[in-house]
Amino acid sequence: MRTCRNFLSSLFGLALVLAATMPANAEPAAAGQIADARFGVAEGFRNPSVMADIGAGWERLILPWDQIQPDKPGDFGHLGQTLTRAQIQGELNRGTKVAGLLQFTPAWAAANPGDGARSVPKNLNLPFDDPNNYFGQYAYQTAKYYAGQIDQWIIWNEPEFKPGDAGAGGSYTWLGSDADFAQLLKVGYQAIKKANPNAVVSFPGTSYWVDINNNRPLFYDRVLSILAQDPSAAANNYYHDVVSLNLYRAPDDVYRVHGVFKGIQAKYGIDKPVWLTETNAMPSNDSAVPCPHSDTPIQTTMDQQAAYAIQAEALAAAAGYGKIEFYQMVDSNPCNEPAVWGVTRDDGSKRPVEEALKVAVNNFAGYNNARFVPLVRDQAAWSAWPDDPTSLVPNWQVYQVAFDKPGNQRVTALWNGDGSPLHVRIPKNGTSAQVIDRLGNVQSLESNQGWWVVDLPAATAYFKLSDQIKDPDGYHFIGGDPVLIVENGVDTSAPVVAPRLGDPGSVASEFKVFVSPDGGQTVNRGQPAEFYAATHSYEGFSAPIDFSVIQWSTQRFPSPKDGSSLPLAATVPTGVKPGDTATLHFETAGADPGIYYIKVEADGGGISKSFDIALVVN
């Protein structure tokens, strides 16, 4: 089902307490080291001072085949000129790890010269180490040359884009078939591993949305289905150690799509890390550049981009990405690009997103685990994910990601999903705390009756292209400006619970009941009917809740009657734990046709709530 969220995210390239412990292959910052190799900025070497200021410890660099070997087979005289060993060593000396991206076929190696750099290479079906398998030789020689400096490799980028694809902006890098790419991946993986057995090789970064909007199965799924027919694939890790993703515009997608790709892996019986190799929410209001792309359908301010950066980094950590990379360091002339990409402009001046990335990375770096525990709205104004797995839009009112760090420190990122400001609190778990805004301003926090209380600015990023193509009313694709609460002296066993609204004592300890379907339902006589009563607790309410039918009437006989005389056999639960959903079951066999109005009471902890349901029996 296409929604405007789908459209929005694609124009460019379960309990709700979900924890992500550090992946086995994660590379946390060593003691005394600022850079955390899980956080990166693409092409960071183009502005080393900003890279160091942010504290990013990872970057993806492109090593184009058509520049490394532009003229003929066997000639690798240009290897090391595109990026010298000295340049790479400079990055390593600053504490930045590097991943190399291999792509773009030189003209002499193109099987289809008319496809240019996007062509399938010649002789790709020869053994990977055959001297005439040109791509195999390129991958082998490049990985061997940089071994020990670059030990992480990504084979191609966004090969799923096709000419004419909706949402692709006319961009594409690969004109071969899926089967051709499966062979390219196989050759590249084996060649790199032969050159450097310690290398980590990633499946190409794909955008997710281009396939979704063009009604195709995801490229990752398609290629894995081809490799599953290869008898050598399983023994060779399906020719990749990691899978990469490129996701833009909406932090919620960063969280949700990680699970989609883990689901694809489960389908094929594999379990591999996921990297976020590109993410951004490109601004449309930067008047300091000659081509600000102010006519883009997705209007995004530089302040919203800055908020996005913190939110995406936090949710990516909570989802479990092994790498989280912002794209990219420098604009590279927005007049020649489909968007304004840079953390900095081409003249080196910084956008607000630079400070936001610095706030995020410097405070998140070194985390042992990250947990996402949002406050969910009592009722959804739209069909919401994850309760509805076909939906693309969650129902989170207050977002919370808690990072536990060495030294008994907890950093909690909070932001608002509503279009009006919120007064929010979380339990005081530490001995002291500071609050940091996205500009890096720091203030001490004073606890209020065992709580840390902060104000969260309203969300403002709303997408509407027309009355038909828009986000649901009340949903914002980027939340309001986030704040970080940095607590010291936190017991590592302290739980992370959903935020609460208002000052301590401003909300009574109670429960509420929300019934679905809330408009009643219709069944034929003899068919059963079920209603679902979701219970929500507030301010620590924990007493069990008992349900009972107390009255009923019909359209024909409107005078209320005692619930015990209801002619429908009713089964309603007792002892329901607050937060659980109760099922109210009614049998209609032998009942007269008509409209039944049934009053149900929920009792718990000395509190009673009643609600009405309507059942039409035909």
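### Focus: the pairing of strand β27 (residues 594-604)
Phase 1 of the analysis: Pairing of strand β23 (residues 546-554) with β27 involves eight bridges; the strand directions are antiparallel. Of the residues in β27, the one forming a bridge with Val549 is Val600.
Phase 2 of the analysis: Where β27 and strand β28 (residues 607-617) come together, eleven bridges link them in antiparallel fashion. Considered in β28, the bridge of Gly594 is made with Val617.
Phase 3 of the analysis: Connecting the antiparallel pair β27 and β28 is a turn made up of two residues, with Gly605 showing a positive phi of about 60 degrees.

### A closer look at the sheet that holds strand β25 (residues 569-571)
Phase 1 of the analysis: Overall, antiparallel pairing links the four strands, which are arranged β20-β22-β26-β25 in an open sheet. Lying at the two open borders of the sheet, with one neighbouring strand each, are β20 (510-516) and β25. Neighbour to neighbour, the strand axes of the sheet diverge by 20 degrees on average, direction disregarded.
Phase 2 of the analysis: As defined by bridge partners, β20 adjoins strand β22 (residues 529-538) across seven bridges and the pair is classed as antiparallel. The residue of β22 that forms the bridge with Glu510 is Tyr538.

### Overview of the sheet that holds strand β19 (residues 500-501)
The pairing of strands in a sheet happens through backbone hydrogen bonds and is either parallel or antiparallel.
Phase 1 of the analysis: The strand order across the open sheet formed by three strands is β17-β14-β19, and the pairing between neighbours is antiparallel. Of all strands in the sheet, those with a lone pairing partner are β17 (451-456) and β19, marking the two edges.

### Re unusual backbone geometry
Phase 1 of the analysis: Cis geometry is adopted by the peptide bond preceding Gln328, which originates at Tyr327 and carries an omega value of 0 degrees.
Phase 2 of the analysis: The topology assignment puts Gln328 in the loop between β9 (323-326) and α11 (352-364).
Phase 3 of the analysis: Following Ser516, the chain continues to Pro517 via a peptide bond in cis, the omega torsion being -5 degrees.
Phase 4 of the analysis: By secondary structure assignment, the location of Pro517 is in the loop between β20 and β21 (521-523).
Phase 5 of the analysis: Residue Glu43 is not a glycine yet carries a positive backbone phi of 55 degrees.
Phase 6 of the analysis: Secondary-structure assignment places Glu43 in the loop between β2 (36-41) and α2 (48-54).
Phase 7 of the analysis: Positive phi is not limited to glycine here, since Trp156 has a value of about 75 degrees.
Phase 8 of the analysis: Along the chain, Trp156 turns up in the loop between β5 (152-155) and α6 (178-195).
Phase 9 of the analysis: Owing to a relative accessible area of 0%, Trp156 belongs among the buried residues under this scheme.

### Considering the confidence of the model for the chain
Phase 1 of the analysis: Looking at the chain, the pLDDT average stands at 93 and 94% of residues meet or exceed 70.
Phase 2 of the analysis: Confidence drops under pLDDT 50 across residues 1-33; counting only partners more than four residues distant or on other chains, this segment forms 99 contacts.

### Observations regarding the environment of Phe531
Phase 1 of the analysis: Counting through the fold element by element, Phe531 comes out in strand β22.
Phase 2 of the analysis: Between the C-alpha atoms of Phe531 and Asn215, which are 316 residues apart in sequence, the distance is 35 Å.
Phase 3 of the analysis: Beyond its immediate sequence surroundings of up to four residues, Phe531 is in contact with Val515, Ser516, Pro517, Gly520, Gln521, Ala582, Thr583, Leu584, Phe586, Ile613 and Ala614.

### Re the pattern of salt bridges
A side chain with one charge may pair with a side chain of the opposite charge, provided their charged atoms come close.
Phase 1 of the analysis: Following the criterion strictly, the structure yields 31 salt bridges and no others.
Phase 2 of the analysis: Arg256 is paired through a salt bridge with Asp253; the nearest N and O atoms lie 3.5 Å apart. In this pair, Arg256 and Asp253 both sit in helix α9 (residues 251-267), three residues apart, roughly one turn of the helix.
Phase 3 of the analysis: Taking the relative accessible area as the measure of exposure, Arg256 reaches 6% and is therefore buried.
Phase 4 of the analysis: A salt bridge links Asp473 to Lys470; the nearest nitrogen and oxygen atoms lie 3.6 Å apart.

### Focus on the nonpolar core
The tendency in soluble globular proteins is for nonpolar side chains to be buried as a group.
Phase 1 of the analysis: Within the largest apolar cluster, 120 residues are counted, with the highest numbers of intra-cluster contacts made by Tyr321 and Phe364.
Phase 2 of the analysis: Looking at which element gives the most residues to this core, the answer is helix α10 (residues 302-319), with twelve residues.
Phase 3 of the analysis: Sequence-distant contacts of Phe364, that is, excluding residues within four places in its chain, are made with Phe39, Ile310, Glu313, Ala314, Phe403, Lys405, Val411, Ala413 and Leu484.
Phase 4 of the analysis: Within the second largest apolar cluster, 27 residues are counted, among which are Val513, Phe541, Trp552 and Ile613.

### Quick look at α9
Phase 1 of the analysis: The end-to-end C-alpha distance of α9 is 26 Å, a good match for the 24 Å that 17 residues give at a rise of 1.5 Å each.
Phase 2 of the analysis: Of all the positions in α9, only Pro251, Asp252, Asp253, Val254, Tyr255, Arg256, Val257, His258, Phe261, Ile264 and Gln265 are classed as buried.
Phase 3 of the analysis: The positive-phi residue at the C-terminal boundary of α9 is Gly269, with phi of around 70 degrees.

### Remarks on the state of the cysteines
Phase 1 of the analysis: Tallied over the entire structure, the rule returns one disulfide.
Phase 2 of the analysis: Note on cysteine connectivity: Cys291 is disulfide-linked to Cys335, with sulfurs 1.9 Å apart. Disulfide Cys291-Cys335: torsion about the S-S bond near 90 degrees, hence right-handed. Within this pair, whereas Cys291 is found in the loop between β8 (274-280) and α10, its partner Cys335 is found in the loop between β9 and α11, the two being separated by 44 residues in sequence.
Phase 3 of the analysis: The exposure class of Cys291 is partly exposed, given its relative accessible area of 24%.

### Here we look at the packing of aromatic side chains
Phase 1 of the analysis: Applying the stated criterion to the full structure yields 35 aromatic pairs.
Phase 2 of the analysis: When the ring of Trp396 is compared with that of Tyr399, the centres are 5.7 Å apart and the planes differ by 85 degrees; the resulting orientation is edge-to-face. Per residue, the accessibility class of Trp396 equals that of Tyr399, and both read buried.
Phase 3 of the analysis: Here a set of aromatic residues connected by ring pairs shows up, and it is made of Trp65, Trp108, Tyr134, Phe135, Tyr138, Trp156, Trp174, Phe181, Phe203, Phe219, Tyr220 and Phe261.
Phase 4 of the analysis: When the ring centre of Tyr140 is taken as origin, the NZ or CZ atom of Lys194, which lies over that ring, is 5.8 Å away.
Phase 5 of the analysis: Just above the ring of Trp552 sits the side chain of Lys561; from NZ or CZ to the centre is 5.1 Å.

How each quantity is defined
- Residues numbered from 1 in each chain as written.
- Predicted model: local features only at pLDDT ≥ 70, side-chain atom pairs only at ≥ 80, totals over all residues.
- Heavy atoms only, no water.
- Pairing = 2+ DSSP bridges.
- Helix = DSSP H or I, 4+ residues; strand = E, 2+ residues; numbered from the N terminus.
- Axes fitted to C-alpha atoms, helices over the stretch in contact; angles between N-to-C directions.
- Buried < 20%, exposed > 50% of the residue type's maximum accessible area, 1.4 Å probe, protein only.
- pLDDT = per-residue confidence, 0-100.
- Contact = heavy atoms within 4.5 Å.
- Salt bridge = Lys/Arg side-chain N within 4 Å of Asp/Glu carboxyl O.
- Core = buried A, V, L, I, M, F, W, Y, C linked by side-chain atoms within 4.5 Å.
- Expected span 1.5 Å × (residues − 1).
- Disulfide = S-S within 2.5 Å.
- Phe/Tyr/Trp six-rings, centres within 6.5 Å; stacked < 30°, edge-to-face > 60°.
- Lys NZ or Arg CZ within 6 Å of the ring centre and 35° of its normal.

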